[in-house]
Amino acid sequence: MTDKHLSSKFDSELNTVSSRVLALGGLVETQLRQAIYALTEFSDEVADQVLATEARVNAMEVEIDREISSIISRRQPTAQDLRLLAGLGKTTANLERAGDEIEKMARMVKSIIHSGSARLLPASELRVGAELAAGLLRKALDAL
């Protein structure tokens, strides 16, 4: 977002919503790292933290979506700005979906822990796969 608008308020709104999307991405990234830790260390408490974080992720997604809709309806952006807002909306939806998948992962961790079969998992291989996923999420957020 290098171009300046006639309205500095519009620039401020675009920067604010962009920052909020990145904050959501950071929250999802933290949630993923916690889920990885819960899986590799068989931590029921950390899995509970992941589940608690999901409510915040969902709330942030709704707030950002409302904010984007409000900007579009009030400012009626065109071209580059409209594409940016549409992209931010899709990014937000995808981050929320990632949070849903991480929540499923935490629920599975809790199920594995409570079933007593936790020691049968290939923890080192799971950690490698999870770290690859976390790295991809980080790169995507850096690119944004």
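Residues numbered from 1 in each chain as written. Predicted model: local features only at pLDDT ≥ 70, side-chain atom pairs only at ≥ 80, totals over all residues. Heavy atoms only, no water.

Below, the discussion takes up the overall build of the chain. Within the chain, the regular secondary structure consists of four helices and zero strands. Secondary structure elements of the chain, listed N to C terminal, follow the sequence α-α-α-α. Principal axes of the C-alpha set define a box for the chain whose edges measure 60 × 25 × 15 Å. Looking at the chain as a whole, 36% of its 144 residues qualify as buried. A fraction of 80% describes how many contacts in the chain between residues 6 or more apart in sequence connect residues 24 or more apart. (Helix = DSSP H or I, 4+ residues; strand = E, 2+ residues; numbered from the N terminus. Buried < 20%, exposed > 50% of the residue type's maximum accessible area, 1.4 Å probe, protein only. Contact = heavy atoms within 4.5 Å.)

Under the 1.5 Å per step criterion, the end-to-end length of helix H3 (residues 79–115) is 54 Å for 37 residues, consistent within 8% with the ideal 54 Å. Burial in H3 covers these residues: Asp81, Leu85, Leu88, Thr92, Leu95, Glu96, Gly99, Ile102, Glu103, Ala106, Val109 and Lys110. For H3, the elements touching its buried residues are helix H1 (8–41), helix H2 (44–75) and helix H4 (123–143). Backbone geometry just downstream of H3 places Gly116 in the positive-phi region, at approximately 85°. (Expected span 1.5 Å × (residues − 1).)

This part covers the packing of H1 against H4. Across the interface, H1 lies against H4 with an axial gap of 10 Å and an inter-helix angle of 175°. Comparing the axis directions of H1 and H4 gives the class roughly antiparallel. Residues Leu22, Gly25, Gly26, Val28, Glu29, Leu32, Arg33, Ile36, Leu39, Thr40 and Glu41 of H1 pack against Ala123, Leu126, Arg127, Ala130, Glu131, Ala133, Ala134, Leu137, Arg138 and Leu141 of H4. When the residues that make up the contact of H1 with H4 are grouped by side-chain class, the tally is twelve nonpolar, three polar and six charged. (Axes fitted to C-alpha atoms, helices over the stretch in contact; angles between N-to-C directions. Parallel < 35°, antiparallel > 145°, perpendicular 65-115°, else oblique. Nonpolar A, V, L, I, M, F, W, Y, C, P; charged D, E, K, R; others polar.)

Checked against the element boundaries, Ser18 lands in helix H1. A distance of 2.9 Å separates the side chain of Ser18 from the backbone oxygen of Leu14, its partner in a polar contact. (Polar contact = N/O pair within 3.5 Å; in protein donor to acceptor, adjacent residues only side chain to side chain.)

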